[in-house]
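Chain residues, written in single-letter form:
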Amino acid sequence: KDLIAGVVLLLEGNIKIGDIVEISGTSNQSSVVAKILKINARTTQIETREGNVLIIPNTRLTQQQVENWTHGSTLSCFNIEVVVDYGANLELISKLLIDSAMSHPKVKKDQPIFTRMANFSDNGLVIELIFWADQSWDINNYKSEIRFEIDRLFREYDIKIPYPKRDILMNSDKENLIEK
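*Asks:* Report on the sheet that holds strand β8 (residues 125–134), specifying residues and quantitative values.
*Replies:* In spatial order, the strands read β6-β8-β7; together these three strands make up an open sheet with antiparallel pairing. Looking along the sheet, the strands with just one partner apiece sit at the ends: β6 (75–84) and β7 (114–120). Going across the sheet, the axis of each strand differs from the next one's by a mean of 30°, ignoring polarity. Note that β6 and β8 share 10 bridges and pair antiparallel. Across the sheet, Ile80 pairs through a bridge with Leu129, a residue of β8. Together, β6, β7 and β8 form the strand contacts of helix α3 (residues 90–102), whose direction differs from that of β8 by roughly 25°. Running at roughly 35° to β6, helix α4 (residues 139–156) makes contact with β6 and β8 of the sheet.

Pasting the structure below:
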């Protein structure tokens, strides 16, 4: 199967050396973003973002979902989730999140940058920052840089990111204790 998959990869040309691809994971693995280094008859060599070189069977590239970041539009939508306290000033938070994205040089300023409330969580309100950037090998670094800016602005404006909280109620009434 891997030999036939190798022939398909080489003839179709959907995946080429130098392409950056996202290979969907299996039930016990997460997806992998990697650069194609070499396509052989039975296997393909890929390099992960961490710099590891993996040799994978060609069937993984033909039988699983593969998103080729090099084909089509290089522009992609990304999001960053932030949890804020219930009762926080959402207008200010939205402005600060958008300002954080706008300050990053890799964020596309000609595309919509916006926020939305994603959910009510146990610890606070989940707000998403949505922005567009080129699909890049370094997108996780860009998102990290934006998070640092969010943290800086939140500290400047005294906006708290809540810690997970749990209330534990203890009954100290000795009459209600059961002896064994």
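*Asks:* So what's going on with the packing of α3 against α4? Which residues, and what values?
*Replies:* At a closest axis distance of 9 Å, the pairing of α3 and α4 adopts a crossing angle of 140°. Classified by the interaxial angle, the pair formed by α3 and α4 is oblique. Between α3 and α4 lies a crossing of right-handed hand. Residues Ile93, Leu96, Leu97, Asp99, Ser100 and Ala101 of α3 form the contact with α4, whose participating residues are Ile146, Glu149, Ile150, Leu153 and Phe154. Split into classes, the residues belonging to the contact of α3 with α4 amount to eight nonpolar, one polar and two charged.

About the thresholds
- Residues numbered from 1 in each chain as written.
- Predicted model: local features only at pLDDT ≥ 70, side-chain atom pairs only at ≥ 80, totals over all residues.
- Heavy atoms only, no water.
- Pairing = 2+ DSSP bridges.
- Helix = DSSP H or I, 4+ residues; strand = E, 2+ residues; numbered from the N terminus.
- Axes fitted to C-alpha atoms, helices over the stretch in contact; angles between N-to-C directions.
- Contact = heavy atoms within 4.5 Å.
- Parallel < 35°, antiparallel > 145°, perpendicular 65-115°, else oblique.
- Left-handed = near helix turned anticlockwise from the far one by under 90°.
- Nonpolar A, V, L, I, M, F, W, Y, C, P; charged D, E, K, R; others polar.

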